[in-house]
Amino acid sequence: MSERRWQAADGLHLDVRGLPCPEPMVEILGAIDRGDAGQAFIVHIDQEPLMLYPKLEERGWTHELLGSAGSGAGVRLSLRYSGV
Amino acid sequence: MTLAAGFLRGATSRLLPVSVPLRFFALAVLSQLGLWLTVFIYAEALTAFRGGLSPALGALHILTVGMLASTVIGASLQILPVATGKALPAVWPARLIFWLLLAGLGGFLGGVLGFRLLLFMAGGAALGLALLLFAMLIAANLWRPGAQRVAAAYAGAGLMALLATAALGVALALDFELGWIPSHARTALAHLVLGGYGFMGLTALGFSHVLVPMFALSKAPAARPAYLALAVALAGIVSGVAGALVDSTALLVAAAACGLVAVAVHLRLMRHSLQTGMRKRLGLSFVLVRGAWVALPLSLLTGGLVAVGWAGQRAGLLFGILLFGGWLQSFVTGTLQRILPMLVSMHMVAARKRKTWLEPHADRLLLVHAVAHGLALAALLIAALTGWSGAARAAGLVGSLGALAFVAFSADTAAGLLQNPPREG
């Protein structure tokens, strides 16, 4: 597992904070398209990725905003495959 | 309020009220129609243009201010805060910029087409004020360290060029009354280089570093060659402005050479983005963008040939058409047809409305626009080379049909917002 990707009790985590736009979206969609993400994972991201949501919907994934891990730590999103 | 709702409010606060960017894009789309109608109506005056207060000057500024600058301002105000994660300090300056821009453009055109000097100068001054206010508003956003440094560096350089463009533009407008500039034509060329390659060109190249990877879903281009291209482009712009002001062929040729090197590096980065992107089919929008990428080096090559006197008497017009029509107008219409649906989607998603689209739809309208745009530019190039006003009139007619199709596409896209209006902040 890389520094940006780790397994925890609540599932796979992917950290895309600090990456320039549009790399967060590319990393998340890449993890989904390659099958690395499985059926669900948690994303740590600098700001809410409004442009990502329609792309998730195209792939049959849903999102839930979980809030932040702390001040200035960005946003956490729970992504889950719900079928196309 | 839940924790998630609080964060959501923070994230969406970087989105301007949708009416703010949309009014700039509406002005841009309608200006494209105005441009081609002006070409149609004043075809003779355009093909005979040799400078001075004429309809050709009006047509050029409908394109550069009404369409190109308006798109750059609308896109900058919306995309930069989202990309940098830092909201604009206030929304009212953006609205003020729009009204100043609209009033300034109206006065400028009224003055040019009606030969009313005072109106023309007042319009020029209002345009200068609008662009200065825009530069001040956006500069603070670019000073933030962190993400998007390449795009911010290009936009920052573009802003400096904008200030110089606006200053020279106001000076040129006043010169019609005061006669205080030693050479109006040379200063006008410096204004053209600063505006076309400086403000609009650098901003277009900078935004490409965000938009092209975003559309192609690829990683951001490598930063080092991007900075190299910016440095060489800046050297070219400084050389071009100096060459224009002191009437130096060597400096103008050096400017064209620097521009060609910068463009070669930039296009190599863009090609890599497209080749490594997750999305390969980019549709009509990238047909226009690729056309723009062909016209940009051709404009520099033609500019260099004009400088050394190898391109014939009419090549000056050819250079202008390649720069503003071929490169900038093609690039702006190509990206705008993707930005508009993206903007509508972002606002509807932020407002938690139904799922929306990111891709351009109304394909037939965009096909009509793309074909008409290509044909109109080709006819305009023939008019520039031959001096035949009939070709310019045909360009105006075909271009107007294409521009109407683009207006219909834009209205269709914006209709999504009218059906599900997000709350205005």
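Scroll up to find the structure.
Keep in mind that this is a model prediction, so the values were computed, not measured.

Participant: Would you take a moment to explain the overall build of chain B for this structure?
Facilitator: The secondary structure content of chain B amounts to 14 helices and zero strands. Walking chain B from its N terminus toward its C terminus, one meets helices and strands in the order α-α-α-α-α-α-α-α-α-α-α-α-α-α. Put simply, chain B has 425 residues, and 58% of those count as buried. Considering only contacts within chain B whose residues lie at least 6 apart along the sequence, 80% involve residues at least 24 apart. Carbon and sulfur atoms make up 71% of the accessible area of chain B, which amounts to about 16,800 Å² in all.

Participant: Can you help me understand the packing of helix 2 (residues 19-41) of chain B against helix 5 (residues 92-114) of chain B in this one?
Facilitator: In helix packing, the relevant descriptors are the interaxial angle and the interaxial distance, both defined with respect to the helix axes. Residues and elements named next belong to chain B. One way to put it is that helix 2 packs onto helix 5 with a least axis distance of 9 Å and a crossing angle of 20°. In terms of axis orientation, helix 2 runs roughly parallel to helix 5. Pair helix 2 / helix 5 crosses with left-handed handedness. Touching Ser-19, Val-20, Arg-23, Phe-24, Leu-27 and Ser-31 of helix 2 are Ala-94, Arg-95, Ile-97, Phe-98, Trp-99, Leu-101, Leu-102 and Leu-105, all from helix 5. Classifying every residue of the contact of helix 2 with helix 5 by side-chain character gives ten nonpolar, two polar and two charged.

Participant: I'm lost on unusual backbone geometry in this one. Help?
Facilitator: Residues apart from glycine generally show negative phi values, whereas peptide bonds are mostly found in trans. All names here are of chain B. Located in the positive-phi region is Leu-217, a residue other than glycine, with phi close to 55°. Here Leu-217 lies in the loop between helix 8 (184-216) and helix 9 (223-246). Phi angles above zero are rare outside glycine, and Asp-247 is one such case at about 60°. Tracing the backbone shows Asp-247 in the loop between helix 9 and helix 10 (249-276).

Participant: What exactly am I supposed to notice about the nonpolar core here?
Facilitator: Taken as a class, soluble globular proteins show a tendency for nonpolar side chains to be buried jointly. Core analysis: the largest hydrophobic core is formed by 158 residues, its most contacted members being Ile-28 and Phe-41 of chain A together with Leu-77 and Trp-327 of chain B. Element by element, the count of residues in this core is highest for helix 12 (residues 315-350) of chain B, at 17 residues.

Participant: What exactly am I supposed to notice about the packing of helix 2 of chain B against helix 13 (residues 363-386) of chain B here?
Facilitator: All names here are of chain B. Where helix 2 meets helix 13, the axes come as close as 13 Å, and the angle between the chain directions of the two elements is 35°. Considering only the axes of helix 2 and helix 13, their crossing is left-handed. The segment helix 2 lies against helix 13, with Gln-32, Trp-36 and Val-39 engaging His-369, His-373, Ala-376, Leu-377 and Leu-380. Along the lines of polarity and charge, the residues of the contact of helix 2 with helix 13 split into five nonpolar, three polar and no charged.

Reading the values: rules and limits
- Residues numbered from 1 in each chain as written.
- Chains lettered and ligands numbered in written order.
- Predicted model: local features only at pLDDT ≥ 70, side-chain atom pairs only at ≥ 80, totals over all residues.
- Heavy atoms only, no water.
- Helix = DSSP H or I, 4+ residues; strand = E, 2+ residues; numbered from the N terminus.
- Buried < 20%, exposed > 50% of the residue type's maximum accessible area, 1.4 Å probe, protein only.
- Contact = heavy atoms within 4.5 Å.
- Areas by Shrake-Rupley, 256 points an atom, 1.4 Å probe, with all protein chains shown as cover.
- Axes fitted to C-alpha atoms, helices over the stretch in contact; angles between N-to-C directions.
- Parallel < 35°, antiparallel > 145°, perpendicular 65-115°, else oblique.
- Left-handed = near helix turned anticlockwise from the far one by under 90°.
- Nonpolar A, V, L, I, M, F, W, Y, C, P; charged D, E, K, R; others polar.
- Core = buried A, V, L, I, M, F, W, Y, C linked by side-chain atoms within 4.5 Å.

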